[in-house]
Amino acid sequence: MKTILKTIASSLLMLGLLASCAKPVMSERTVELRNKLTQLQNNPKLKGYAPEALREAEEAVKNVETPQESTRMTMHLDYVAHRKIEIAQAKAQAEYLEAERVALLKLPVIAGAKTTPPLQGLVAPKGEMGKGSVVTLGDLLFDTGKANLKPAANDDLNKLVQYLRSNPESKVLIQGHADSVGSEQSNVVLSQNRAGSVKAHLQGKGIEAERLMTRGEGESTPVADNNSAPGRQLNRRVEVTIVE
Amino acid sequence: MKFIPAFFIAGTCVLGACASVPASSTQAIAEAEATLKVAQKPVVRTYAAPELVVADQRLDGSRQAVRKSEAQLAELLAYEAELSADLAIAKADAGESNVANLDIKRARGIAQ
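Bear in mind the structure is a predicted one, so any value in this text is a computation, not a measurement. (Residues numbered from 1 in each chain as written. Chains lettered and ligands numbered in written order. Predicted model: local features only at pLDDT ≥ 70, side-chain atom pairs only at ≥ 80, totals over all residues. Heavy atoms only, no water.)

S.K.: Now, about the packing of aromatic side chains: what can you tell me, with residues and values included?
M.R.: For the coordinates displayed, the defined rule picks out one aromatic pair over all chains. When the centroid spacing of 6.2 Å and the interplanar angle of 80° are considered together, the rings of A:Tyr49 and A:Tyr96 count as edge-to-face. Pair noted here: A:Tyr49 is in the loop between helix H2 (30–41) and helix H3 (51–64) and A:Tyr96 is in helix H4 (residues 71–105), with a separation of 47 residues, a long-range link. For A:Tyr49, a relative accessible area of 22% gives the class partly exposed. The aromatic ring of A:Tyr79 is capped on one face by B:Arg58, whose charged end is 4.2 Å from the ring centroid. (Phe/Tyr/Trp six-rings, centres within 6.5 Å; stacked < 30°, edge-to-face > 60°. Helix = DSSP H or I, 4+ residues; strand = E, 2+ residues; numbered from the N terminus. Buried < 20%, exposed > 50% of the residue type's maximum accessible area, 1.4 Å probe, protein only. Lys NZ or Arg CZ within 6 Å of the ring centre and 35° of its normal.)

In structure tokens:
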């Protein structure tokens, strides 16, 4: 009987100790996170952009401000909150830049102004071109919503033209792509038309039509998230692949 | 003797539970892998290479946790990997937009 009572008493003591060890845990960076979020929310330049991402960041910070049962969960929520705030900042920045771009494009271009090819203009493969090389023409090389290739594309496509002239047996596949805005059918048409413009340009440089295959892929193969403006811009592209 | 079949059944159930990977962990890893695949573009590496490294590390950690049957940890790490990859993509988007705008400004003679 005494043994049983001792055992029960010891067990209760152990349980009590364990219970006192399992105190709810809070992140030490709660205040830092809240300040970081507040700064972002009050940033005058970014106000009103990426509201959904900001809401997610707010929710994540609230989770951090709630004591958790384990240190691991506290660390996890801390990490999530940091990332969500940074994601919200990057998305807000991208949306702000998109709005800025719309305004800038309405301004007149200065004649003779030298510009570097934009990263979203043409992306050419580094090093030697060969079978499998892909040249990507970005959205900025086309008029908005149209298939006309801008003059800026002329210089950019020179390397490809030189390759095709030097390798008369080679063939390319020109694939137009679109973002997810608009109907699937209209996107297929636009992407096909843009691929056609690139083909016409290359034909104008003396490349035979039978070496230039075109295809409108529409919105079927995005390379970025269509839920963001910059993502949609990346998806609006033409890819020229050297297939032979 | 009567208890032996019961022990066998109970033991099998316990082993079965330990050996199987909870669907939520598998789902979380699959989602992280999908996001990381989208993030594996040269343009994303240009702007957010550190975030991609962290995403890779977290995903590796998640897979190890699955091997050790630590389902909850696997799920947490997979989600952290996915968030890192999301951040990398968002930073690349912003970076690309910034470069594009600078070029437009140059073409229009706008001071930066």
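S.K.: Tell me about helix H2 (residues 23–39) of chain B, residues and numbers included.
M.R.: Each α-helix winds once per 3.6 residues, and so residues spaced three or four apart point in a common direction. Residue and element names in this part refer to chain B. When the terminal C-alpha atoms of H2 are compared, their 24 Å separation across 17 residues agrees well with the 24 Å that a helix rising 1.5 Å per residue should span. Among the residues of H2, Ser 25, Ala 28, Ile 29, Ala 32, Thr 35, Leu 36 and Ala 39 are the ones counted as buried. Projected down its long axis, H2 carries its buried residues within an arc of 130°, all on one side. Those residues of H2 that are exposed and angled more than 90 degrees off the buried face are Ala 23 and Lys 37. The inward-facing, buried residues of H2 contact helix H3 (42–67) and helix H4 (71–107). (Expected span 1.5 Å × (residues − 1). Arc of directions from axis to C-beta. Contact = heavy atoms within 4.5 Å.)

S.K.: Any details on the packing of H2(A) against H3(A)? Residues and values, ideally.
M.R.: All names here are of chain A. Viewed as axis vectors pointing N to C, H2 and H3 meet at an angle of 160°, and their least axial separation amounts to 10 Å. As judged from the angle between their axes, H2 and H3 are roughly antiparallel. Classified by chirality, the crossing of H3 by H2 is left-handed. Of H3, the residues touching H2 (which contributes Thr 30, Leu 33, Arg 34, Leu 37, Leu 40 and Gln 41) are Leu 54, Ala 57, Glu 58, Val 61, Lys 62 and Val 64. (Axes fitted to C-alpha atoms, helices over the stretch in contact; angles between N-to-C directions. Parallel < 35°, antiparallel > 145°, perpendicular 65-115°, else oblique. Left-handed = near helix turned anticlockwise from the far one by under 90°.)

S.K.: So, the environment of A:Ala81: which residues are in play, and what are the values?
M.R.: Residues and elements named next belong to chain A. When you line up the elements, Ala 81 lands in helix H4. As a C-alpha pair, Ala 81 and Ala 57 span 24 residues in sequence and 6.1 Å in three-dimensional space. Aside from chain neighbours lying at most four places away, what touches Ala 81 is Leu 33, Ala 60, Val 61 and Val 64.

S.K.: A description of the interface of chain B and chain A should follow, citing residues and the corresponding values.
M.R.: By a frequent convention, interface size equals the accessible area lost on bringing the separate parts together. Contact with chain B, which involves 34 residues of that partner, is made by 35 residues of chain A. A combined buried area of about 3100 Å² lies between chain B and chain A, and 64% of that area is made up of carbon and sulfur atoms. Seen at the junction of chain B and chain A, the total is two salt bridges. Put simply, B:Glu80 and A:Arg72 hold a salt bridge, and the shortest N to O gap is 3.8 Å. At the junction of chain B with chain A, the criterion picks out nine residue pairs in polar contact (both at pLDDT 80 or more). Looking at the side of chain B that touches chain A, the elements with two or more residues in it are H3 and H4 of chain B. Looking at which element gives the most residues to the side of chain B that touches chain A, the answer is H4(B), with 25 residues. Class assignment for the residues of the side of chain B that touches chain A results in 16 nonpolar, six polar and twelve charged. (Buried area = accessible area lost by both parts, 1.4 Å probe. Salt bridge = Lys/Arg side-chain N within 4 Å of Asp/Glu carboxyl O. Polar contact = N/O pair within 3.5 Å; in protein donor to acceptor, adjacent residues only side chain to side chain. Nonpolar A, V, L, I, M, F, W, Y, C, P; charged D, E, K, R; others polar.)

S.K.: Any chance you could break down the nonpolar core for me, citing the residues and the numbers?
M.R.: Membership of the largest hydrophobic core comes to 22 residues, with the highest contact counts inside it found for A:Leu37, A:Leu40, A:Ala81, A:Ile85 and A:Ala88. For this core, the secondary-structure elements that each account for two or more residues are H2, H3 and H4 of chain A together with H4 of chain B. For this core, the leading source of residues is H4(A), giving eight residues. Residues within four places of A:Ala88 in sequence aside, it is in contact with A:Leu40, A:Ala50, A:Ala53, A:Leu54 and A:Ala57. Counting 19 residues, the second largest nonpolar core, distinct from the first, contains A:Val135, A:Tyr163, A:Leu164 and A:Ile174. (Core = buried A, V, L, I, M, F, W, Y, C linked by side-chain atoms within 4.5 Å.)

S.K.: I'd like a rundown of the side chain of A:His82, residues and numbers included.
M.R.: Relative to the helices and strands, A:His82 resides in helix H4. Other than its neighbours up to four places away in sequence, A:His82 contacts A:Arg29, A:Glu32, A:Leu33 and A:Lys36.

S.K.: Before we move on, could you go through the side chain of B:Glu51 and cite the residues and values that matter?
M.R.: Mapping B:Glu51 onto the fold places it in helix H3. A distance of 2.7 Å separates a polar atom in the side chain of B:Glu51 from a polar atom in the side chain of B:Lys91. Those residues within four positions of B:Glu51 in sequence are excluded, and the remaining contacts are A:Arg83, B:Ser84, B:Leu87, B:Ala88 and B:Lys91.

S.K.: Outline the pairing of strand S3 (residues 172–177) of chain A, supporting the account with residue identities and numerical values.
M.R.: Residues and elements named next belong to chain A. By the criterion of burial, S3 is predominantly enclosed, with six of the six residues buried. The pairing of S3 with strand S4 (residues 212–216) spans five bridges and is parallel. Each residue of the ladder has a partner; that of Val 172, found in S4, is Leu 212. After leaving S3, the chain enters helix H7 (residues 184–204) and then returns to the sheet as S4, a path that is right-handed. Here S3 runs beside strand S5 (residues 237–242); their pairing, made up of six bridges, is antiparallel. When the bridges of S5 are listed, Val 172 appears paired with Ile 242. (Pairing = 2+ DSSP bridges. Right-handed = clockwise from strand over helix to strand, strands pointing away.)

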